[in-house]
Amino acid sequence: MNQDQKRVCPVERAGHLDSKIRRWVQDPRKILSPYVKAGMTVLDQGCGPGFFTMDLAQMVGSTGQVIASDLQAGMLAKLRAKIQGTEWEQRIRLHQCTESRIGLNEPMDFVLCFYMVHEVPDQIAFFQELWTLLKSGGQVLIAEPPFHVSKAAFGRMLEKARAVGFKPTAQPRVFLSKTTLLKKE
Ligand SMILES: C[S@@+](CC[C@H](N)C(=O)[O-])C[C@H]1O[C@@H](n2cnc3c(N)ncnc32)[C@H](O)[C@@H]1O
């Protein structure tokens, strides 16, 4: 196992990410409804077991689509088990990326990167790929865990996003998170 793989949240911790208690303190609807509208194509990058994915699917409606992407097959398997045989299967596409490449082509309206950017080994390359994926006017919401990501590390991450061309437009308040909303203008 290399250094980067060590930083990735293990599948065994998926239960902590997908708990009822978390829904009380990080309500997906409250966090995402300012940005996600019906008909949008949305990427849930580093989706894990899909804590945000079904709410995203509900928000984009029958005319939109959610692509739930993660590098770990085990995380995607947990999400697959939740949506299999439900109406969400039509709206949610599962995608296994690699640690260095998202590997999608469709233009996105919105990308959610929740508690995942600090696990990405090459953040500049990551932001460059997000830039090419996003439609003009598209937005990325990044939330990072405050205990794992220092103020300085979050600042460095923001600098990389700026260097690629993203404009930070807000710092939405999300419990237990350092956040930034990035826009491609
Ligand atoms: C802490 S979990 C957060 C999961 C989910 N976003 C949430 O908030 O519940 C981080 C997730 O990012 C994924 N991940 C880590 N590095 C990644 C990368 N380079 N590309 C895509 N996913 C990655 C991990 O496999 C893990 O599922």
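For clarity, every value in this text was computed on a predicted model and none was experimentally measured. (Residues numbered from 1 in each chain as written. Predicted model: local features only at pLDDT ≥ 70, side-chain atom pairs only at ≥ 80, totals over all residues. Heavy atoms only, no water.)

Below, the discussion takes up the packing of aromatic side chains. Across all of its chains, the model carries 7 aromatic pairs by this definition. When the ring of F52 is compared with that of F114, the centres are 4.5 Å apart and the planes differ by 40°; the resulting orientation is tilted. Taken together, the positions of F52 in the loop between β1 (41-45) and α5 (53-60) and F114 in strand β4 (residues 108-114) put the pair 62 residues apart, joining distant regions of the chain. The class for F114 is buried, based on a relative accessible area of 6%. Judged by centre distance (4.8 Å) and plane angle (45°), the ring pair of F114 and Y115 falls under tilted. (Phe/Tyr/Trp six-rings, centres within 6.5 Å; stacked < 30°, edge-to-face > 60°. Helix = DSSP H or I, 4+ residues; strand = E, 2+ residues; numbered from the N terminus. Buried < 20%, exposed > 50% of the residue type's maximum accessible area, 1.4 Å probe, protein only.)

We now examine helix α6 (residues 73-83). For α6, the full list of buried residues reads M75, L76, L79 and I83. Viewed end-on, α6 has its buried residues packed into an arc of 95°, placing them on one side of the element. Contacts from the buried residues of α6 go to α2 (14-17), α5, β2 (65-70) and β3 (92-96). Looking one or two residues past α6, G85 carries a phi angle of roughly 80°, positive in sign. (Arc of directions from axis to C-beta. Contact = heavy atoms within 4.5 Å.)

By nearness alone, 22 residues border the ligand, and R22, G46, D70, Q72 and F114 come closest of all. In this structure, an oxygen atom belonging to the ligand sits 2.7 Å away from a side-chain N or O atom of Q72. E99 is positioned with one of its backbone polar atoms (N or O) 3.1 Å from a nitrogen atom of the ligand. Here the ligand loses 98% of its free accessible area of 590 Å² to cover by the protein chains. Its residues placed into classes, the shell around the ligand shows 13 nonpolar, 5 polar and 4 charged. (Near = heavy atom within 4 Å. Polar contact = N/O pair within 3.5 Å; in protein donor to acceptor, adjacent residues only side chain to side chain. Areas by Shrake-Rupley, 256 points an atom, 1.4 Å probe, with all protein chains shown as cover. Nonpolar A, V, L, I, M, F, W, Y, C, P; charged D, E, K, R; others polar.)

Glancing now at the packing of helix α7 (residues 123-133) against helix α8 (residues 151-164). Put simply, α7 and α8 touch, their axes get as near as 9 Å, and they point 45° apart. Taken as axis vectors, α7 and α8 run oblique relative to one another. Here α7 and α8 pass one another in a crossing that is right-handed. For the pair α7 and α8, contact is made by Q123, I124, F127, Q128 and W131 and by M157, K160, A161 and V164, respectively. Residues belonging to the contact of α7 with α8 are distributed by class as follows: 6 nonpolar, 2 polar and 1 charged. (Axes fitted to C-alpha atoms, helices over the stretch in contact; angles between N-to-C directions. Parallel < 35°, antiparallel > 145°, perpendicular 65-115°, else oblique. Left-handed = near helix turned anticlockwise from the far one by under 90°.)

In terms of burial, strand β5 (residues 134-144) is a largely internal element, 8 of the 11 residues being buried. The sheet contact formed by β4 and β5 spans 6 bridges and is parallel. When the sheet's bridge partners are listed, V111 is paired in β5 with V140. Crossover handedness for the path β4 to α7 to β5: right-handed. Where β5 lies against strand β7 (residues 178-183), 6 bridges are found, and the strand directions are antiparallel. Its bridge partner being in β7, E144 is matched across the sheet by K178. (Pairing = 2+ DSSP bridges. Right-handed = clockwise from strand over helix to strand, strands pointing away.)

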